Each structure stands twice: as C-alpha cells, then as structure tokens.
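Next come the chains, spelled out residue by residue.
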Amino acid sequence: MHVEIVRPNQGDDALVMRVAEDVFDEPVRPDRLAAYLREPDHFMVVAVAEGIVVGQCAAVIHRHSDKVSELYIDEVGVSPAFLRQGIATKMLDPMLSSAASLAARRPGSALSRTILRPARCMRRGRSHMGRRRSS
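Residues numbered from 1 in each chain as written. Predicted model: local features only at pLDDT ≥ 70, side-chain atom pairs only at ≥ 80, totals over all residues. Heavy atoms only, no water.

Trainee: Please provide a residue-by-residue account of unusual backbone geometry, values included.
Mentor: Its identity as a non-glycine residue notwithstanding, Asp 22 has a phi of 65°, on the positive side. Summarising the element assignment, Asp 22 is placed in the loop between α1 (13-17) and α2 (30-38). Taking relative accessible area as the criterion, Asp 22 reaches 31% and is therefore assigned partly exposed. You will see that Arg 84, though not glycine, has its phi angle at about 65°, which is positive. Along the chain, Arg 84 falls in the loop between β4 (70-78) and α3 (87-105). Take Arg 84: its relative accessible area is 85%, and that puts it in the exposed class. (Helix = DSSP H or I, 4+ residues; strand = E, 2+ residues; numbered from the N terminus. Buried < 20%, exposed > 50% of the residue type's maximum accessible area, 1.4 Å probe, protein only.)

Trainee: Help me get a handle on the confidence of the model for the chain, residues and values and all.
Mentor: Interpreting fine coordinate detail is not advised for predicted regions of low pLDDT. Of the residues in the chain, 72% reach a pLDDT of 70 or more, and the chain-wide mean stands at 78. A low-confidence stretch, residues 112-135 (pLDDT under 50), is modelled with 49 contacts involving residues beyond four sequence positions or located in other chains. (pLDDT = per-residue confidence, 0-100. Contact = heavy atoms within 4.5 Å.)

Trainee: Describe the nonpolar core, naming the residues involved and giving the relevant values.
Mentor: In this structure, Val 54, Ile 87 and Met 91 are the most contacted members of the largest nonpolar core, which totals 31 residues. Every element with two or more residues in this core is listed here: α1, α2, β2 (42-49), β3 (52-62), β4 and α3. Looking at this core, the element that brings in the most residues is β2, giving seven residues. Residues within four places of Ile 87 in sequence aside, it is in contact with Val 3, Ala 47, Val 54, Val 78 and Phe 82. (Core = buried A, V, L, I, M, F, W, Y, C linked by side-chain atoms within 4.5 Å.)

Trainee: Can you break down the side chain of Glu 75 residue by residue, with the values?
Mentor: With respect to the secondary-structure elements, Glu 75 resides in strand β4. One polar contact links Glu 75 to Gln 56, side chain to side chain, over a distance of 3.2 Å. (Polar contact = N/O pair within 3.5 Å; in protein donor to acceptor, adjacent residues only side chain to side chain.)

Trainee: Can you tell me about the layout of surface pockets, naming the residues and giving the values?
Mentor: In this structure, the second largest pocket encloses a volume near 360 Å³. The wall of the second largest pocket is formed by 15 residues, among which Phe 24, Arg 32, Tyr 36, Met 44 and Glu 75 lie closest to the centre. For the lining of the second largest pocket, the elements supplying multiple residues, two or more each, are α2, β3 and β4. Residues belonging to the lining of the second largest pocket are distributed by class as follows: eight nonpolar, one polar and six charged. (1 Å grid on protein atoms, 1.4 Å probe; cavity = no way out; pocket = protein on both sides within 12 Å on 5 of 7 lines; lining within 4 Å. Points joined across faces, edges and corners; volume = space filled by probe spheres on them. Nonpolar A, V, L, I, M, F, W, Y, C, P; charged D, E, K, R; others polar.)

Below, the structure written as structure tokens:
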C-alpha cells in the first residue's frame, strides 16, 4: 500500500480528521487542530494511506534566551496496523527539512539539535506516544 507523507497547513483540517486508530493519544478535536496548524512555529507531518492518516509527527520550534532555537519533536505515532514499515522515519525527514527551511528564513532561529521525546518514552517502558505497553 502506498503511503504519502504530507505536511498539513492551516485549512487542511479535514485531512487530519480522517485518522486511523491509535495514531494520536486522544481523539483529534477540530478546535485544537485548527489552533495548532495556525501557529507558525508548530510543525506536523502525517502519513496518509488511501485517504486515511495512519501516522503523525508533531514538533515545535523551542526558543531559548541563551542559545539557538531547537526543533523539539513532541510525538510520533503510527497506527499499529502500519508499524515496522518505515513510516516514522519517512515522516522525520520532511519534518526536519521544513523546520530547517523556516529557520534559514528567520535570522536567529537556526536549529542546533533535535530533541526526541518519543525515544525517552520507550526507555521508560512505554509504547509509542507515551501509552503503557500491554502485558
């Protein structure tokens, strides 16, 4: 099955609302999604298969007063039916490119590093997006 990686922008809410099970922690609320997509320093990419979002990666530019800004990857989620197909990796590449492109256009916002919170969750015995693994 072909999976397309898309960066939704303001107004692309309908695309993200068609989502497979367990891609996000909670059901997507249209008001929260619209607010997220409006923010210029928030980034989201989604993996779409047959018109359904099967994966998502969300990040934000984290600004500091004493060092260069960072891209903070807040969460990565892939529907269980689509795990182990390289979808998370495919989402990270355009995420990093989009953020780097934005940083290049804004003086003082160069990205120094990426912080991967999902990896930390895995070390604490949690599955993707911070939920506890079932035994």
